[in-house]
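# A structural walkthrough
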Amino acid sequence: MLTYPEIDPVAVSLGPLQIHWYGLTYLAGLAFAWGLAARRSKRADSPLVREQVDDLLFYAALGVVLGGRMGYAIFYGGERLAQDPTWLLRVWEGGMSFHGGMLGVIVATFWYARRQKISFGPLLDFVAPLAPLGLALGRVGNFIGQELWGRAADVPWAMVFPRDPLQLARHPSQLYQFALEGILLFVILFWFSSRPRPTWAVSGVFALGYGLLRFAAEFFREPDAHLGIQAFGWMTRGQMLCVPMILLGLYMLWFAYQRSGARLSKN
């Protein structure tokens with residue numbers, strides 16, 4: 001068993017103001033996304049120019065925060081939200097959902113595309129590879145904050161989280177998600193998007209890849225205590241939310257290459 005390297009979740013304290021590592025990882029994720037977007041905007045097939053990157057990332061950041069909070073409230077806290085609607089606004093109590101954040105980014109990207117008169121499909125393909133590094137850093141924040149830990153395990157790398165009331169040796173599932181949904185998905189998307197692809201294909205790979213990798217990681221992650229196992233005696237809420245992503249990703253890839261093949265045949 002490994003020893004958990006306990007780190008104070010508060011990175012900086014300035015009187016009553018506390019800056020948590022989780023917030024800093026979000027900022028670092030946005031910084032990486034900005035740098036990658038600025039680099040990708042120089043490509044000949046980029047749907048936008050460098051001067052538009054800052055505005056796009058601003059819209060995307062709003063989508064992440066608003067969508068992430070609303071998604072958590074709806075997907076994971078429906079009963080609490082129904083009893084106390086003001087809980088949605090109490091963001092300091094924690095609670096963010098990737099699936100909600102993803103929907104928020106999609107809506108923000110669509111809105112930005114409409115305002116700038118840019119085709120939505122190519123812009124969404126531009127945005128997709130920017131997300132995984134932010135996801136990776138977010139999981140590091142989860143690990144430091146000792147939240148979303150894994151299920152009980154007897155593997156050599158299991159660890160006891162000091163804040164776990166049961167004091168069980170658990171999978172460090174935050175690090176699994178860091179490696180799978182973050183680093184591995186980034187490598188796949190970076191490689192796949194390194195040359196021109198049919199419109200919607202890069203977004204399809206993101207949806208399919210994240211859905212599959214998150215689905216797998218959920219087998220090692222402790223389900224939310226107030227939700228538990230949701231279906232078939234083994235499926236969690238996170239896995240249920242990944243199924244539509246997997247199906248959507250497959251459809252987007254089929255649609256992208258089907259349409260690309262039809263255009264080639266006409267030419």
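Right above here is the structure, for reference.
This text gives an overview of the structure that appears in the document. (Residues numbered from 1 in each chain as written. Predicted model: local features only at pLDDT ≥ 70, side-chain atom pairs only at ≥ 80, totals over all residues. Heavy atoms only, no water.)

## So, the overall build of the protein chain
- Across its full length, the protein chain carries nine helices and four strands.
- For the protein chain, the sequential pattern of α-helices and β-strands runs β-β-α-α-α-α-α-α-β-β-α-α-α.
- A globule of 267 residues ought to have a C-alpha radius of gyration of about 18 Å, and the protein chain, at 20 Å, matches this closely.
- Within the protein chain, contacts between residues at least 6 apart in sequence are counted, and of these 65% link residues at least 24 apart.
- Across the protein chain, the centroid of the 23 positively charged side chains sits 12 Å from that of the 17 negatively charged ones. (Helix = DSSP H or I, 4+ residues; strand = E, 2+ residues; numbered from the N terminus. Rg over C-alpha atoms; globule rule 2.2 N^0.38 Å. Contact = heavy atoms within 4.5 Å. Lys, Arg positive; Asp, Glu negative; His and termini not counted. Charge placed at Lys NZ, Arg CZ, Asp CG, Glu CD.)

## Considerations on the packing of aromatic side chains
- Considering all chains together, one arrives at 23 aromatic pairs under this definition.
- Aromatic pair F120 and W200: ring centres 5.7 Å apart, planes at 70°, arrangement edge-to-face. Taken as a pair, F120 in helix α5 (residues 120–127) and W200 in the loop between α7 (173–192) and α8 (201–217) lie far apart in primary sequence, 80 residues in all.
- Three or more aromatic residues link up through ring pairs in this structure, and these residues are Y4, F143, W149 and F161.
- In this structure, R197 is placed above the aromatic ring of W191, and the distance from its NZ or CZ to the ring centre is 5.5 Å.
- Taking the ring centre of F192 as reference, the NZ or CZ of R197 above it sits at 4.2 Å. (Phe/Tyr/Trp six-rings, centres within 6.5 Å; stacked < 30°, edge-to-face > 60°. Lys NZ or Arg CZ within 6 Å of the ring centre and 35° of its normal.)

## Describing the nonpolar core
- Ranked by size, the top nonpolar core spans 19 residues in total, and within it F98, L185, L189, F206, Y210 and M245 carry the most contacts.
- The element best represented in this core is α8, accounting for eight residues.
- Not counting the four nearest positions on each side in its chain, M245 is found in contact with F98, H99, M102, F206, A207, L208, Y210 and G211.
- Core analysis: the second largest hydrophobic core is formed by 18 residues, A33, A37, L57 and A113 among them. (Core = buried A, V, L, I, M, F, W, Y, C linked by side-chain atoms within 4.5 Å. Buried < 20%, exposed > 50% of the residue type's maximum accessible area, 1.4 Å probe, protein only.)

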